[in-house]
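In case you want the letters, here they are:
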Amino acid sequence: MKVAIMGYGTIGSGVAKVLDVNRDVIADHLGDTLDLKYILDLRDFPDDPHKDLFVKDYMDIVNDSEVQIVVETMGGVNPAYEFVKAMLLAGKSVTTSNKALVADKGVELTKIAAEHNCNFVFEAAVGGGIPIIRTINACLTADIIEEVSAICNGTTNYMLTKMEKNGSDYADVLKEAQDLGYAEKDPTADVEGFDSCRKIAILTSLITGHQVKFEKIPTQGISKISAVDFKYAKAMNRSIKLLARAVKTGDTYTCRVAPFMLPEDHTLFHVSGVMNAVYIRGNMLGDSMYYGAGAGSLPTASAVAADMVFLARNTNRVVPVKWDEQELAIGDNMAETYRFFVRTGASQSEIEEVFGNVEYANLDLDDETGFVTEMISESSFEQLSKSLGEIKSYIRLA
Ligand code: HSE
């Protein structure tokens, strides 16, 4: 079976490697080989072993009826959207690792694929190598999912782990993550939580079958987390993790991306470094967790290549996916309840006057006090914080 790759960066070149190195095992599973016929990239790779396969015009792939499966690993919404759409309209199945594309255009591309007797799949778009999309689509279909809580950004998890273990400052670990190639030169999408936001939007869409607009998910990243926050966390036997959550509330879901303080017995407490994990609670299943390499060339490419096998097995057959264009009215975020850890310059009597019963987590710092509120709603917290004034920072407790 002839296949093509669009985008020969970290992931795309990883896919070519997986197809080469694991050619036999893939052929064993499939009963056929996956033969790379084209690689689309504007750059030249004169020393690459696949140098003869490169093309610069995506229409070369569209117009070749021999190619049945196309990989999109270009990243970003444009021009990936145009290219992928053209492949699907030509009846070629597509797999992508591109969460920005899936969160924005996934429902439309899934529909176009079904209308053209092919499939659009995206296992690698969430959790890298962790098989979470097919798990939701195929294995968790008999449950009402009550909660998804995910550490689904390797860069920020690496940074938070370093801050925790070494007492380092945010700016230092960001530089280190950039030097190691985890964080991009412009790290905004990772550190401000936008990448996690798109991933939880995709997971919530698949769980509910409706379109979840990522723009409507309240999203806070880790850029304001400091070494002092970790000192407080340590004093409270807690860790700080960037969580992307979807929690069933009534007949919808409330979604949020934010740093949370986790107790030691929390399922996600020990997920460290670049690793990802997705915790899912089903009403029949109970607790389950999916853990693994959430980023990186070969883990992500492994998921893409497995998608290719899936697509090859389902040639000329549309595999149903529960995802329609009706927008999910996500739950009222201001009604969510949490205990909040707060750092303030206010005095203890001022704190208690406003927040009533609190638990102190004092580090004996001259200019501030740390405390944890009782369980209160987001809207109460917002009002009470305004009354107190001097809030330096806050983190929700999980
Ligand atoms: N920037 C992402 C991360 C890549 O760090 O997790 C994988 O989606």
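Since we're looking at a predicted model, the values are computed, not measured.

Calculation notes
- Residues numbered from 1 in each chain as written.
- Predicted model: local features only at pLDDT ≥ 70, side-chain atom pairs only at ≥ 80, totals over all residues.
- Heavy atoms only, no water.
- Domains from an automatic or database assignment.
- Contact = heavy atoms within 4.5 Å.
- Buried area = accessible area lost by both parts, 1.4 Å probe.
- Salt bridge = Lys/Arg side-chain N within 4 Å of Asp/Glu carboxyl O.
- Near = heavy atom within 4 Å.
- Polar contact = N/O pair within 3.5 Å; in protein donor to acceptor, adjacent residues only side chain to side chain.
- Areas by Shrake-Rupley, 256 points an atom, 1.4 Å probe, with all protein chains shown as cover.
- Buried < 20%, exposed > 50% of the residue type's maximum accessible area, 1.4 Å probe, protein only.
- Helix = DSSP H or I, 4+ residues; strand = E, 2+ residues; numbered from the N terminus.
- Pairing = 2+ DSSP bridges.
- Axes fitted to C-alpha atoms, helices over the stretch in contact; angles between N-to-C directions.
- Expected span 1.5 Å × (residues − 1).

A.B. asks: Hey, could you run me through the domain arrangement of the chain in this one?
C.D. replies: One frequently used descriptor of interface size is the decrease in accessible area upon assembly of the parts. Once the domains are mapped, the chain shows domain 1 (2–128 + 297–327), domain 2 (133–293) and domain 3 (334–397). Computed over C-alpha atoms, the centres of domain 1 and domain 2 are 26 Å apart. Contact residues are listed per partner, giving 23 residues for domain 1 and 20 residues for domain 2. Between domain 1 and domain 2, roughly 2000 Å² of surface is buried when both sides are summed, and carbon and sulfur atoms account for 58% of that area. Viewed at the interface, domain 2 and domain 1 are joined by three salt bridges. Residues Asp307 and Arg134 are paired through a salt bridge, measuring 2.9 Å at the closest nitrogen-oxygen approach.

A.B. asks: Honestly, the site of the ligand in this entry has me stumped. Any pointers?
C.D. replies: Lys99, Asn153, Gly154, Thr155, Asp190, Asp195, Lys199, Gly294 and Ala295 make up every residue found near the ligand. At a separation of 2.7 Å, an oxygen atom of the ligand approaches a polar side-chain atom of Lys99. Between a nitrogen atom of the ligand and a side-chain N or O atom of Asp190, the distance comes to 2.9 Å. When the ligand sits alone it has 260 Å² of accessible area, and the protein chains cover 82% of it.

A.B. asks: What is the right way to look at the pairing of strand 2 (residues 35–40) in this model?
C.D. replies: A regular strand places its side chains on the two faces of the sheet in alternate fashion. Burial within strand 2 is extensive, with five of its six residues counted as buried. Of the strand pairs in this sheet, strand 1 (residues 2–6) and strand 2 are connected by five bridges, and their pairing is parallel. Looking across to strand 2, one finds that Ala4 is bridged to Tyr38. Relative to strand 3 (residues 54–55), strand 2 runs parallel, the two sharing two bridges.

A.B. asks: How should I be thinking about the sheet that holds strand 13 (residues 340–344) in this particular structure?
C.D. replies: Neighbouring strands of a sheet are bound in pairs by backbone hydrogen bonds; such pairs are parallel or else antiparallel. If you walk across this open sheet you meet the nine strands as 11-10-7-8-9-17-13-15-14, and the pairing is mixed. The strands lining the two open edges of the sheet, one partner per strand, are strand 11 (286–293) and strand 14 (359–360). By the bridge criterion, six bridges tie strand 7 (residues 145–151) to strand 10 (residues 275–282) in an arrangement that is antiparallel. Along strand 10, the bridge assignment pairs Ala150 with Val278. The sheet strands contacting helix 10 (residues 194–208) are strand 7, strand 8 (238–249), strand 9 (252–263) and strand 10, and the helix crosses strand 9 at an angle near 135 degrees.

A.B. asks: Can you help me understand the pattern of salt bridges in this one?
C.D. replies: Any two side chains of opposite charge can pair, on the condition that their charged atoms come close. Overall, the coordinates contain 26 salt bridges when judged by the stated rule. For Lys37, the salt bridge identified is with Asp64, shortest N-O distance 2.7 Å. Placement of Lys37 in strand 2 and of Asp64 in the loop between helix 3 (59–62) and strand 4 (67–72) is noted, with a sequence separation of 27 residues between them. Of the residues examined, Asp64 reaches a relative accessible area of 12% and is grouped as buried. For Arg339, the salt bridge identified is with Glu359, shortest N-O distance 3.3 Å. One end of the pair, Arg339, is in the loop between strand 12 (337–338) and strand 13; the other, Glu359, is in strand 14, and 20 residues separate them in sequence. The class of Glu359 is partly exposed, set by a relative accessible area of 49%.

A.B. asks: Would you take a moment to explain helix 1 (residues 10–21) for this structure?
C.D. replies: Working note: α-helix, 3.6 residues per turn, so residues spaced by three or four point in the same direction. Between the first and last C-alpha of helix 1 there are 16 Å, a value that for twelve residues agrees with the 16 Å anticipated at 1.5 Å per step. Every buried residue of helix 1 is listed here: Gly12, Gly14, Val15, Ala16, Val18 and Leu19. Structurally, helix 1 contributes buried residues whose contacts are with strand 1, helix 2 (23–30), strand 2, strand 4 and helix 12 (297–313).

A.B. asks: Looking at this structure, I do not really get the pairing of strand 9. What am I missing?
C.D. replies: A large share of strand 9 lies buried, amounting to twelve of its twelve residues. Of the two faces of strand 9, the one lined by Thr252, Thr254, Arg256, Ala258, Phe260 and Leu262 and the one lined by Tyr253, Cys255, Val257, Pro259, Met261 and Pro263 are each fully buried. Taken together, the twelve bridges between strand 8 and strand 9 define a ladder with antiparallel strand orientation. Looking at the pairing, Arg245 lines up with Arg256 of strand 9.

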